[in-house]
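Residue-level structural notes
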Amino acid sequence: MAKLINGKEISDKVVKEVGEELQKKKEEHPGFNACLAIVQVGNRSDSNVYIRNKLKKAADIGMGTRMVNLSQEITQPELEAEIDKLNNDPEVDGIIVQLPLDCVNKIDADAVIDRISHEKDVDGLTRENAGRLMRGELDRTIFPCTPYGCLHLVQEATGDKNFVQGKRVVVLGRSKIVGSPAAALFLWHNGTTTICHSKTQNLPEVCRSADILVVAIGKAKFVKGDWVKPGAVVIDCGINVEELEGGKRKLYGDVDFDTAKEVASHITPVPGGVGPMTVAMLIKNTYLQAVERRLGAKNGSL
Ligand code: NDP
């Protein structure tokens, strides 16, 4: 029976540590703070929940926040001009654009993301930072939050910072936000990494070769227990929502938790696994970028 990886507890620990470091830096450098700016176009209710959570986590540790609410009618040039304002604002350390955009006009979201200065790209999604990650320039990029959370969960759950080294890692999914950067991150932490997608053949067999299996495909309970190598670490990024009667909702991961937990050594639940880590790593990235940009230093202790 697998050990449950408690993402809530591990993410709380990350945020607490960042909070303590932030406090120290404020004392050492009067006037210092880190500030996260969130850009929202329109008013999707699911986005509102995610944004509230991010703002609260930042505020809880005394990090500054800036919320930029923009109309559904905004155009591409207007939206890019808003990003430029934040890029040029010395009080802003991290910028994220909440996706998907809720806009009546056709907007090239990739171009909007790419407009973010790569030093303030705390989601790590600009081409510049994504390219650097792919090339293994780990000191010169910003790790995308969900993949960073996956890596941290593996390290914390196993109690070994170098656990990935030499392991076979299989990542299911190759999106820009999760699968591709997760594969790069595990590769450059010296895993032997395979990426699978919708055209991969013999998927169960490939999954069974994994010491670490990271799943991000958006299909409820897709990965079965007999796809999991005995003793593997299973990280499930999936968030699949089932609408129940009375407006209630139930969340499922991409892994069939009940069968996989019988085989894995460690496994994340959904909810309470990868989800909370994404926000924690965003807070951490924002703090680290503030230290680097404002103080010209890397924070080695985190
Ligand atoms: P995308 O839809 O962008 O990508 C899905 C990927 O899965 C694609 O690469 C696709 O392959 C692959 N895929 C789809 N079906 C299959 C299949 N049958 N077999 C093998 N591969 C398949 O999703 P995201 O990466 O954005 O998100 C994945 C999941 O993670 C979702 O449930 C999402 O909600 C969740 N998520 C969770 C976050 C968190 O904070 N916990 C953050 C972001 C996402 P192909 O490229 O060939 O189409």
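All figures in this text were calculated on a predicted structure; none of them were measured in a lab.

Let's shift gears to the overall build of the protein chain. Across its full length, the protein chain holds ten helices and eleven strands. Here the C-alpha radius of gyration of the protein chain, 19 Å, is about what a compact globule of 302 residues would show, namely 19 Å. With the C-alpha coordinates of the protein chain rotated into their principal frame, the extents come out at 50 × 45 × 40 Å. When each of the 302 residues of the protein chain is scored for burial, the buried share is 49%. Contacts spanning at least 24 positions in sequence make up 70% of the contacts within the protein chain whose residues lie at least 6 apart. Just so you have it, the protein chain exposes about 14400 Å², and 50% of that area is on carbon and sulfur atoms. Side-chain charges in the protein chain split into 40 positive and 41 negative, and the spacing between the mean points of these groups amounts to 2 Å.

Here the focus is the sheet that holds strand β3 (residues 64–70). Judged by pairing direction, the sheet is parallel, and its three strands sit side by side in the order β3-β2-β4 without closing on themselves. Of all the strands in the sheet, the pair left with one neighbour each is β3 and β4 (94–97). Direction aside, the axes of adjacent strands within the sheet are offset by 15° on average. Of the pairings in the sheet, the one linking strand β2 (residues 35–41) to β3 comprises seven bridges and is parallel in character. Paired with Val-39 across the bridge in β3 is Val-68. Relative to β2, helix α10 (residues 274–295) is tilted by about 125°, and along the sheet it contacts β2 and β4.

Moving on to helix α2 (residues 45–60). Owing to its 3.6 residues per turn, the α-helix brings residues three or four apart onto one side. Along its 16 residues, α2 runs 22 Å from first to last C-alpha, staying within 8% of the 22 Å computed at 1.5 Å per residue. Within α2, burial applies to Ser-47, Ile-51, Lys-54 and Ala-58. Looking straight down α2, one finds that the buried residues subtend no more than 60° of arc, so they occupy a single side. Exposed and oriented more than 90 degrees from the buried face of α2 are Ser-45, Arg-52, Lys-56 and Asp-60. If you follow the buried residues of α2, they end up packed against β2, β3, β4 and α10. Positioned one or two residues after α2, Gly-62 has a phi angle of 80°, which is positive.

Glancing now at the pairing of strand β10 (residues 249–252). Two elements, strand β9 (residues 240–243) and β10, share four bridges in a ladder whose sense is antiparallel. Bridge pairing in β10 places Val-241 opposite Leu-251. Between β9 and β10, which follow one another and run antiparallel, lie five residues, and Gly-246 among them has a positive phi close to 75°.

Take the UniProt feature "domain: Tetrahydrofolate dehydrogenase/cyclohydrolase catalytic" (unreviewed entry) in the protein chain next. Per the UniProt record, "domain: Tetrahydrofolate dehydrogenase/cyclohydrolase catalytic" (unreviewed entry) is found at residues 5–123. Across residues 5–123, the secondary structure splits into 48% helix and 15% strand, with the terminal C-alpha atoms separated by 23 Å.

It is worth spelling out the site of the ligand at this point. Lining the immediate surroundings of the ligand are 19 residues, of which Arg-174, Ser-175, Ser-198, Ile-239 and Thr-278 lie closest. In the environment of the ligand, an oxygen atom lies 2.7 Å from a nitrogen or oxygen atom belonging to the side chain of Arg-174. Against a free-state accessible area of 930 Å², the protein chains account for coverage of 70% of the ligand. Of all the elements, α10 adds the most residues to the shell around the ligand, at three residues.

Moving on to the pattern of salt bridges. Taken as a whole, this structure holds 21 salt bridges when the rule is applied. For Asp-114, the salt bridge goes to Arg-127, with nearest N and O atoms at 2.8 Å. Of the two residues, Asp-114 sits in helix α4 (residues 109–115) while Arg-127 sits in helix α5 (residues 127–134), which places them 13 residues apart along the sequence. One salt bridge in this structure joins Asp-211 and Lys-229, with 2.8 Å as the shortest N-O distance. One end of the pair, Asp-211, is in the loop between α8 (203–208) and β7 (212–215); the other, Lys-229, is in the loop between β7 and β8 (233–236), with 18 residues separating them in the sequence. Ionic contacts of the salt-bridge type, sharing partners, join the residues Glu-91, Asp-93, Arg-293 and Arg-294 into one network.

Cut-offs applied
Every chain is numbered independently, its residues counted from 1 as its sequence is written. Only residues with pLDDT of at least 70 are given local features in this predicted model, and only at 80 or more are side-chain atom pairs given and counted; all residues enter the totals for whole chains, interfaces and linings. Heavy atoms from the whole structure form the basis of all side-chain values; hydrogens and water molecules are not counted. Put simply, DSSP H or I for four residues or longer makes a helix, DSSP E for two residues or longer makes a strand, and each gets a number counted from the N terminus. Both definitions apply: the radius of gyration is a C-alpha atom measure, and the globule rule equals 2.2 Å times residues to the power 0.38. Buried, partly exposed and exposed residues are distinguished by accessible area as a fraction of the type maximum, computed with a 1.4 Å probe on protein chains only: under 20%, between the cut-offs, and over 50%, respectively. Should any heavy atoms of two residues lie within 4.5 Å, those residues are counted as being in contact. Shrake-Rupley sampling with a 1.4 Å probe provides the accessible areas, and residues are treated as covered by the protein chains on show and by no other component. Positive charges come from Lys and Arg alone, negative charges from Asp and Glu alone, with His and the N- and C-terminal ends not counted. Here the site of a charge means NZ on Lys, CZ on Arg, CG on Asp, or CD on Glu. The rule for pairing is simple: two strands pair if DSSP sees at least two bridges between them. Lines fitted to C-alpha atoms define the axes, with helix axes restricted to the stretch in contact, and inter-axis angles between N-to-C directions lie between 0 and 180 degrees. The length a helix should cover is 1.5 Å for every residue beyond the first. Within this analysis, the arc is defined by the directions that extend from the helix axis to the C-beta atoms. UniProt positions are given in the numbering used here, feature names are shortened, and annotations may be inferred rather than shown by experiment. Nearness here has a simple test: a residue counts as near a molecule or strand if at least one of its heavy atoms is within 4 Å of that partner. Between N or O atoms, a polar contact is any pair within 3.5 Å; within protein, one atom must be a potential hydrogen donor and the other a potential acceptor, and residues adjacent in sequence are included only when both atoms are from side chains. Salt bridges are defined by distance alone: a side-chain nitrogen of Lys or Arg within 4 Å of a carboxyl oxygen of Asp or Glu.

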